[in-house]
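# Structural features, examined
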Amino acid sequence: MSVLPLVFTSGWASGINAYAVVLLLGLMGATGISDEVPPSLERTDVLVVAGLLFLCEAVADKIPYVDTGWDAIHTVIRPIAGGVVAALIAGHDGSLPQLAAAAVGGTTALASHLVKAGVRMGVNTSPEPASNIIVSLAEDLGVSGIIVFALFHPLPAAIIAAVALVLGGVTVYFILSRIRRYWRRWQARRAAKRGNALA
């Protein structure tokens, strides 16, 4: 139970940017700043791969429509990463608490990923690309800040993550109509292009 706040927070952050979570946790552990980090995340090969994937995400996440495609691919990856990180944090190989932690981390990651993907679809309906860059930078900074904060103050960080998850869900609910309108316009444009190509 003592690791549950960190598990929840890492799951929430993994749903937004799993590579940043692995990279930050690994660096915090490898440099000795925190002893809460599982040794497997501190390995050099893990840090290198997480760093490279984080750079890929940092670029893809700032380009309109590319970010939505990237999110679609990561609908599977982020919850798995959230579950694995949570299980590593919980420790005790194969124990019931570790399996419960993996379930909490994976489920929270899936929930925050769906919120992120919904918000980004809404952002993509705006005509200018600057909003994508601003939202992506805010996500990167938010994930970085909450993970560092969670290592030293896990319970307050978990409360912040829970509030952010609820507010994000409410935001997605209110922008769903905008997303649906955008989706209908996009399908109409696509159908018109197909009709012109056949004519």
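Going by the structure above, here's the rest.
Here is a short report on the structure shown in this document. Counting restarts for each chain: residues are numbered from 1 in the order of the written sequence. Where totals are concerned, whole chains, interfaces and linings use all residues; where local detail is concerned, this predicted model gives features only for residues with pLDDT of at least 70, and gives and counts side-chain atom pairs only at 80 or more. Side-chain numbers come from the whole structure's heavy atoms, not from hydrogens or water.

### A few points about the overall build of the chain
Within the chain, the secondary structure is distributed over six helices and zero strands. Taking 16 Å as the expected radius of gyration for a compact globule of 199 residues, we find that the chain reaches 18 Å, a close match to that expectation. Structurally, the chain occupies a C-alpha span of about 65 × 35 × 30 Å along its principal axes. Across the 199 residues of the chain, 43% fall into the buried class. Put simply, 72% of the contacts in the chain that link residues at least 6 apart link residues at least 24 apart. In these tables, accessible area is a Shrake-Rupley quantity obtained with a 1.4 Å probe, and a residue counts as shielded only by the protein chains included in the view. Surface summary for the chain: the accessible area is close to 10400 Å², and the carbon and sulfur share equals 75%. Under the scheme used here, helices are H or I runs from DSSP no shorter than 4 residues and strands are E runs no shorter than 2 residues, and both carry numbers assigned from the N terminus. Taken over C-alpha atoms, the radius of gyration is set against a globule rule of 2.2 Å times the number of residues to the power 0.38. Working definition: with a 1.4 Å probe on protein chains only, accessible area under 20% of the residue-type maximum means buried, over 50% means exposed, and in between means partly exposed. Here, residues are in contact when the closest pair of their heavy atoms is within 4.5 Å.

### Regarding the nonpolar core
Within soluble globular proteins, side chains that are nonpolar tend to cluster in buried spots. By nonpolar core is meant a set of buried Ala, Val, Leu, Ile, Met, Phe, Trp, Tyr and Cys residues that side-chain atoms within 4.5 Å join together. Within the largest apolar cluster, 31 residues are counted, with the highest numbers of intra-cluster contacts made by Trp 12, Ala 13, Val 21, Leu 25, Val 143 and Ile 147. Of all the secondary-structure elements, those providing two or more residues to this core are helix H1 (4–30), helix H2 (44–60), helix H3 (66–90), helix H4 (96–123), helix H5 (130–152) and helix H6 (154–198). Looking at this core element by element, the count peaks at 12 residues for H1. When neighbours within four sequence positions are excluded, Leu 25 is seen to be in contact with Val 37, Leu 41, Val 85, Ile 147 and Leu 151.

### Considerations on the side chain of Ser 14
Structurally, Ser 14 is set in helix H1. Whenever a nitrogen or oxygen atom comes within 3.5 Å of another N or O atom, the pair is scored as a polar contact, on the condition that within protein one atom can donate a hydrogen and the other can accept it, and that pairs from neighbouring residues in sequence are kept only if both atoms are in side chains. There is a polar contact of 2.7 Å between the side chain of Ser 14 and the backbone oxygen of Ser 10. Residue contacts for Ser 14: discarding those within four places in its chain leaves Val 21, Arg 78, Gly 82 and Ala 109.

### Digging into H1
To estimate how far a helix should extend, the number of its residues minus one is multiplied by 1.5 Å. Taking 1.5 Å per residue, 27 residues should reach 39 Å; H1 reaches only 22 Å between its end C-alpha atoms and comes up short. With 23 of 27 residues buried, H1 lies mostly within the body of the structure. After H1 finishes, the residue Gly 32 shows a positive phi value of roughly 80 degrees.

### Things to note about the side chain of His 113
Positionally, His 113 belongs in helix H4. Judged by its relative accessible area of 1%, His 113 is buried. Within the structure, His 113 has its side chain in polar contact with the backbone oxygen of Asp 71 (distance 3.3 Å). For His 113, the side chain forms a polar contact with the side chain of Thr 75, separated by 2.9 Å. With near-sequence residues (within four places) excluded, His 113 lies in contact with Gly 15, Asp 71, His 74, Thr 75 and Arg 78.

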